[in-house]
Amino acid sequence: MANVVQSLSEFFATLGLPTVLIFVVVFLLSLWMLSSRNPRVNWPPGPVCFPVVGCLPQLMISGRRRQPTDLLPWYDTYGNIMHIKLGEQHMIMLGTYELIEEAFVKNAATVSDRPNWVYYIRRLVGKDGAGVILKNGHAWKELRRFTLSSLRDFGLGRKSLQEKIQDEARYLVQNIEDENGKAFAPRDRIGKAVSNIISIIVFGARYDYEDTPEMLSVLEESERLNKGGPLAFTNLARLLFPKKKFVLMDELYSLIRQEVERHRQSFDPTDIRDFIDLYIKVTQERLDPEIFTDWNVFRIIVDLYTAGTDTTANTLRWSLVHMVNHPDVQKKVQQDIDQVIGQGRVAKMEDKASMSFTEATILEVFRMSTVAPLGGPHATSEATTLAGYTIPKGTIILGDLYRVLHDKNNFEDPYNFKPERWLDGDGKVIKSDKMIPFSVGPRICLGKGLAEMESFIFFTTLLQNFTFKVPEGENPPSGEEGLHGLTFSPLDYNVCAVRR
Ligand code: HEM
């Protein structure tokens, strides 16, 4: 034995210190990688994971353009169910409708949690989560039911939600009319129109387009800061995530608290005007003090405002991008409008059933420009078998909605904008299970109905009043490339709106 040790030390002495150090580091890394492979867990295939950073380096390289398409080549290498390690955090990506359905619907009992333990979420809402988006278990189900029924009640109130959206669409038309057919950037005013709908529901107020409510500027700045991407799921976020993001969230909380105080001064429990009044009522009545805590109901306000603004606004922004790129489609939608609505009134939801081409066009916008490309992060609350792999408790599960909506097995020629794909031989709208821009299962978007109503009324009212064109001398905006933050938005563009 002594001989072996002596020969080894003589051998290392001949190598020199740097070589020995490299040897030791590689040896320790290999040991770490072998020991981190838990033999009881058969992870699906995925890229090589490094200590501490996991697959972040490869993600940074392939995701450098930050498009929803960046990860698509990985599925070709590793398959439709893929294991990725973000820092110390295990994550599974699901790339087909069947896998997403298996996880979010068939295994909903164990794949409906949110990963509230990750630093970024814990810092926003605390380790127990809060509200609807970031709450788990029984409390989430109760808070979700409460939010849905409150949204329904507000829709059926004195002035229905539909009328409020119709009014807002008229304001938007007036505002665009002021441009007199000259080139303008539609981005901000679309954001303000959509944000006004959620503001009416939550705060009972809308704002003129000339004023930018502080809350909206904070929200937009925070959206722009969403550059952390996958880093947000790792503990490295503690060191590397932009701190400003949390400062802005605290600012948003404080602006909403100010609004609550204003409401308290004129609060009447027999006349609930908006969600803030409901918040005051519910927290005063202490319905179920464990679930309807101040923090949970307060976070619902934040959830509605944050989830309900940029998603729908981006859908509308994309719809104008597609219209200026496809004047033939725009013309056909206008023919639908002229036949069913005419010029004398604003669109209502009942019109949709008689406007198949318009419905097909809106479906195609939702498909082609998937505004929530990776949906919301799910997490396993128990070990779960997916596609034959045993996925342990505490794994993040992402459904790649973008891939499903751009899979040529689901939609032929998926990168081309073709509303006709949604129409059968009789001109009737075809329904498809694979059309999941709002996700599937019990976590499905809570604002789906509202988003569909807003998209239909805003879109038809705009095309009823204007024909949108690319300004002379400018390039048409890209229908594919965009900015992928928390949501997927088109790059900035200008249009001309010519009065019809
Ligand atoms: C085009 C518009 C919209 C799209 C494409 C969209 C899409 C989505 C998606 C993909 C999810 C994640 C589902 C999952 O985790 O599996 C989600 C969740 C959610 N959305 Fe939307 N959304 C839109 C508009 C809205 C609006 C207008 C509201 C507000 C009323 C809203 C409120 C929510 C809430 C509260 C959740 C969390 C639900 C839960 O965790 O139980 N969304 N949405």
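Residues numbered from 1 in each chain as written. Predicted model: local features only at pLDDT ≥ 70, side-chain atom pairs only at ≥ 80, totals over all residues. Heavy atoms only, no water.

Q: How should I be thinking about the nonpolar core in this particular structure?
A: One broad trend across soluble globular proteins is that nonpolar side chains are buried collectively. If you look at the biggest cluster of nonpolar residues, it comprises 125 residues, and the most contacted ones within it are I256, F275, F458 and F468. At 9 residues, helix α20 (residues 448-465) tops the list of elements feeding residues into this core. Residue contacts for F275: discarding those within four places in its chain leaves F146, T147, S150, F154, I201, V202, V297, I300, I301 and L304. By size, the runner-up hydrophobic cluster in this structure holds 18 residues, among which are L99, I100, V111 and L401. (Core = buried A, V, L, I, M, F, W, Y, C linked by side-chain atoms within 4.5 Å. Buried < 20%, exposed > 50% of the residue type's maximum accessible area, 1.4 Å probe, protein only. Helix = DSSP H or I, 4+ residues; strand = E, 2+ residues; numbered from the N terminus. Contact = heavy atoms within 4.5 Å.)

Q: Help me understand the pairing of strand β2 (residues 89-94), please; the structure alone is not making it clear to me.
A: For a regular strand, side-chain orientation follows a simple rule: the groups alternate between the two sheet faces. With 5 of 6 residues buried, β2 lies mostly within the body of the structure. In the sheet, strand β1 (residues 81-86) pairs with β2 via 6 bridges, with the strands oriented antiparallel. Each bridged residue has a counterpart across the sheet, and for L86 the counterpart in β2 is Q89. Counted along the chain from β1 to the antiparallel partner β2, the turn is 2 residues long, and its residue G87 has a positive phi close to 60 degrees. Across 4 bridges, the pairing between β2 and strand β7 (residues 396-399) is parallel. Paired with L94 across the bridge in β7 is G399. (Pairing = 2+ DSSP bridges.)

Q: Explanation requested: the site of the ligand in the structure shown.
A: Among the 28 residues in the neighbourhood of the ligand, the closest are listed as R144, H378, S439, R443 and C445. In the environment of the ligand, an oxygen atom lies 2.7 Å from a nitrogen or oxygen atom belonging to the side chain of H378. Separating an oxygen atom of the ligand from a side-chain N or O atom of S439 is a distance of 2.7 Å. Listing elements by their share of the shell around the ligand, those giving two or more residues are α8 (137-155), α15 (294-307), α16 (310-325) and α20. By residue class, the composition of the shell around the ligand is 16 nonpolar, 9 polar and 3 charged. (Near = heavy atom within 4 Å. Polar contact = N/O pair within 3.5 Å; in protein donor to acceptor, adjacent residues only side chain to side chain. Nonpolar A, V, L, I, M, F, W, Y, C, P; charged D, E, K, R; others polar.)

Q: What am I meant to see in the coordination of the iron atom of the ligand here?
A: Angles between donor atoms at a metal ideally measure 109.5 degrees for a four-coordinate tetrahedral arrangement and either 90 or 180 degrees for a six-coordinate octahedral one. Protein coordination of the iron atom of the ligand is limited to a single donor, C445 (SG), which sits 2.3 Å from the metal. Take C445: it is sitting in the loop between α19 (401-405) and α20. (Donors = N, O, S within 2.8 Å, 3.2 Å for Na, K, Ca; no water.)

Q: Explanation requested: the UniProt feature "binding site: heme" (unreviewed entry) in the protein in the structure shown.
A: Feature annotation in UniProt places "binding site: heme" (unreviewed entry) on C445, given in this structure's numbering. Each residue touching C445, except ones within four places of it in the same chain, is listed here: R144 and F438. (UniProt positions renumbered as here; feature names shortened; annotations may be inferred.)

Q: Looking at this structure, how should I read the pairing of β1?
A: Most of β1 is tucked away, with 6 of its 6 residues classed as buried. Burial along β1 is two-sided: the face carrying I81, H83 and K85 and the face carrying M82, I84 and L86 are both buried.

Q: So what exactly am I meant to see when it comes to the side chain of S369 here?
A: Among the secondary structure elements, S369 is positioned in the loop between α18 (356-368) and β4 (378-379). Since its relative accessible area comes to 2%, S369 is described here as buried. A distance of 2.8 Å separates the side chain of S369 from the side chain of H322, its partner in a polar contact. S369 has contacts with W318, H322, E364 and G479, leaving out every residue within four places of it along the chain.

Q: What is the right way to read unusual backbone geometry from this model?
A: With glycine set apart, most residues show a phi of negative sign, and most peptide bonds adopt trans. At D413, a residue that is not glycine, the phi angle is positive and equals roughly 50 degrees. Looking at where D413 falls in the secondary structure, it is placed in the loop between α19 and α20. In this structure, S439 takes a positive phi of about 75 degrees despite not being glycine. Structurally, S439 can be placed in the loop between α19 and α20.

Q: Looking at this structure, I do not really get the packing of α16 against α18. What am I missing?
A: Helix-helix packing is characterised by the crossing angle of the two axes and by the distance between the axes. It is at 10 Å that the axes of α16 and α18 come closest, and there the two elements cross at 110 degrees. By the angle class used here, α16 and α18 are roughly perpendicular. Between α16 and α18, the contacting residues are T315, W318, S319, H322 and M323 on the first element and T361, V365, F366 and M368 on the second. Class assignment of the residues belonging to the contact of α16 with α18 gives a composition of 5 nonpolar, 4 polar and no charged. (Axes fitted to C-alpha atoms, helices over the stretch in contact; angles between N-to-C directions. Parallel < 35°, antiparallel > 145°, perpendicular 65-115°, else oblique.)

Q: Any chance you could explain the environment of V302 here in plain terms?
A: In this fold, V302 is placed in helix α15. Residues in contact with V302, not counting those within four places in the same chain, are L252, Y253 and I256.

Q: For this particular structure, what's the right way to read the packing of helix α10 (residues 187-203) against α16?
A: Relative to each other, α10 and α16 sit at 140 degrees, their axes nearing to 9 Å. Comparing the axis directions of α10 and α16 gives the class oblique. In this structure, α10 meets α16 at a crossing whose hand is right-handed. Along the contact surface, α10 presents R187, I190, G191 and V194, while α16 presents T312, A313, L316, R317 and L320. Considering only residue class, the contact of α10 with α16 consists of 5 nonpolar, 2 polar and 2 charged. (Left-handed = near helix turned anticlockwise from the far one by under 90°.)

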